[in-house]
Amino acid sequence: EARWADDLKEDIEKITSRASIFEEWSLRTRLQSSILTFCKQKNVPYRRHFAFIMSAFLTLGFEDPVPLYNCFVSFVEQFAPRQLQDEGTRRLSDHLFLLLLRYHEPKLALHLEKHQQVFREVVSNWLDNAFSNVAETDLVIALWDYSLSEKLFFNSYFFGLAILRELKTELLSDQFESITNLFLSDFNLLQKLCDSANQMRLNSPPSFLTSLQYVIHPIVPPSLHKLLQSAVVTVASSDLPSSAVVLTPSVGTKANVFVLDWRPRKEFEENHAPLALNAPLQQYPLDALQWVKLLGAFYHY
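Residues numbered from 1 in each chain as written. Predicted model: local features only at pLDDT ≥ 70, side-chain atom pairs only at ≥ 80, totals over all residues. Heavy atoms only, no water.

Caption draft 1: Just the pattern of salt bridges, in detail. Evaluation of the coordinates by the stated rule reveals 11 salt bridges. When the shortest N-O distance is used, the salt bridge between Glu-10 and Arg-48 registers 3.5 Å. Of this pair, Glu-10 sits in helix H1 (residues 2-18) while Arg-48 sits in the loop between helix H2 (25-42) and helix H3 (51-58), and the two are 38 residues apart along the sequence. According to the relative accessible area criterion, Arg-48 is partly exposed, its value standing at 26%. Measuring nitrogen to oxygen at the nearest pair gives 3.3 Å for the salt bridge that ties Glu-166 to Lys-192. With Glu-166 in helix H9 (residues 155-166) and Lys-192 in helix H12 (residues 187-202), this residue pair connects regions lying 26 residues apart in the sequence. According to the relative accessible area criterion, Glu-166 is partly exposed, its value standing at 34%. Look at the salt bridges and you will find they share partners, linking Asp-7, Glu-10, Asp-11 and Arg-48 into a network. (Salt bridge = Lys/Arg side-chain N within 4 Å of Asp/Glu carboxyl O. Helix = DSSP H or I, 4+ residues; strand = E, 2+ residues; numbered from the N terminus. Buried < 20%, exposed > 50% of the residue type's maximum accessible area, 1.4 Å probe, protein only.)

Here it is, written out as structure tokens:
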């Protein structure tokens, strides 16, 4: 908890440097106590920049701390649930984000995978905090308002994709400061990013949306029997790696075939089936049936 307090104090100093309203001691105290109360009640560690979410709520003018806190908790549970998830689930949602990036921007995804540490740290931070720490408060609230009105519980994922697409030229040139120092202050740019995010969401395979929904807000998954009515799990043919599994659609479905290859990344990069997805068992220890249950065998690549 001492480490939480140090991280929280540093974040509050950053918040104060961006918004003069938090120069008021009582408001900073309220911010700190609310965050620590949340972490203790939910039994979760404080993650960097989480206070930025609460700081945005404090600017909305709540006089009574009870409705303020209740609204904050409800928002976190619906739109920033990664704060409540264990590390394994958060890594899985990061991987789903990477799969989405591969789908929409394969060249950029391949390049960023070579710089995984920077990529994962930055993107995880974005998703953890619903972008509250990388934009002016008015823009953050506008983004949240759009997500709330459209009930887009996983909009942050597509908004993150939109940012990476917007910065594609810089990132392909290894100018990673464009994302590590990202700060949005232009409403026109926000609108452009929202439009891009919405377009990618509409053009994404339904299975991805289902998978995101399941990972973000776990529900009882469809029975394996029903899933296997839509996809058949078979051992890959001899020309594919022995560790691969092919999911092929049953007659009458619109699902495309895709391959999951569980070998280490180095082996995968040396030789793999066209359009295969790499899911190293050391990093993602899921068996074939769990992948079927997660992706639903409706992945279009």
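Caption draft 2: Fine view of the confidence of the model for the chain. Per-residue pLDDT for the chain averages 76, and the proportion of residues at 70 or more is 74%. Predicted confidence for residues 249-257 stays below pLDDT 50, and this span has 20 contacts to residues more than four positions away or in other chains. (pLDDT = per-residue confidence, 0-100. Contact = heavy atoms within 4.5 Å.)

Caption draft 3: Quick peek at the packing of aromatic side chains. All told, the structure shown has 12 aromatic pairs when counted by the stated rule. Between Tyr-46 and Phe-50, the aromatic rings sit 6.3 Å apart at their centres with planes inclined by 50°, giving tilted as the arrangement. We classify Phe-50 as buried; its relative accessible area is 1%. Both rings, one in Phe-75 and one in Trp-144, keep their centres 4.4 Å apart while their planes meet at 45°; by these two values the pair is tilted. Within this pair, whereas Phe-75 is found in helix H4 (residues 65-79), its partner Trp-144 is found in helix H8 (residues 137-150), the two being separated by 69 residues in sequence. This pair shows no difference in class: Phe-75 is buried, exactly as Trp-144 is. An aromatic cluster of at least three residues, connected via ring pairs, comprises Phe-38, Tyr-46, Phe-50, Phe-57, Phe-72, Phe-75, Phe-79 and Trp-144. (Phe/Tyr/Trp six-rings, centres within 6.5 Å; stacked < 30°, edge-to-face > 60°.)

Caption draft 4: Region of interest: the packing of helix H5 (residues 87-104) against helix H13 (residues 206-216). Where H5 contacts H13, the axes come no closer than 10 Å and their chain directions differ by 165°. Between H5 and H13, the crossing angle belongs to the class labelled roughly antiparallel. Where H5 crosses over H13, the handedness of that crossing is left-handed. Residues Thr-89, Leu-92, Ser-93, Leu-96, Leu-99, Leu-100 and Tyr-103 of H5 form the contact with H13, whose participating residues are Phe-208, Ser-211, Leu-212 and Val-215. Grouping the constituent residues of the contact of H5 with H13 by class yields 8 nonpolar, 3 polar and no charged. (Axes fitted to C-alpha atoms, helices over the stretch in contact; angles between N-to-C directions. Parallel < 35°, antiparallel > 145°, perpendicular 65-115°, else oblique. Left-handed = near helix turned anticlockwise from the far one by under 90°. Nonpolar A, V, L, I, M, F, W, Y, C, P; charged D, E, K, R; others polar.)

Caption draft 5: Region of interest: the nonpolar core. Core analysis: the biggest nonpolar cluster contains 75 residues, and Ile-35, Phe-72, Trp-126 and Leu-164 have the highest contact counts within it. When near neighbours in sequence (up to four residues on either side) are disregarded, Trp-126 contacts Phe-131, Val-134, Gly-160, Ile-163, Leu-164, Ile-179 and Leu-182. (Core = buried A, V, L, I, M, F, W, Y, C linked by side-chain atoms within 4.5 Å.)

Caption draft 6: Summary view of the packing of H9 against H12. Relative orientation of the contacting elements H9 and H12 amounts to 115°, with a least axis distance of 8 Å. Compared by their axis directions, H9 and H12 come out roughly perpendicular. Remark: the crossing between H9 and H12 carries right-handed chirality. In this structure, H9 contributes Phe-158, Phe-159, Leu-161, Ala-162, Ile-163, Arg-165 and Glu-166 to the contact, and H12 contributes Leu-189, Leu-190, Lys-192, Leu-193, Cys-194, Ser-196, Ala-197, Met-200 and Arg-201. Classifying every residue of the contact of H9 with H12 by side-chain character gives 11 nonpolar, 1 polar and 4 charged.

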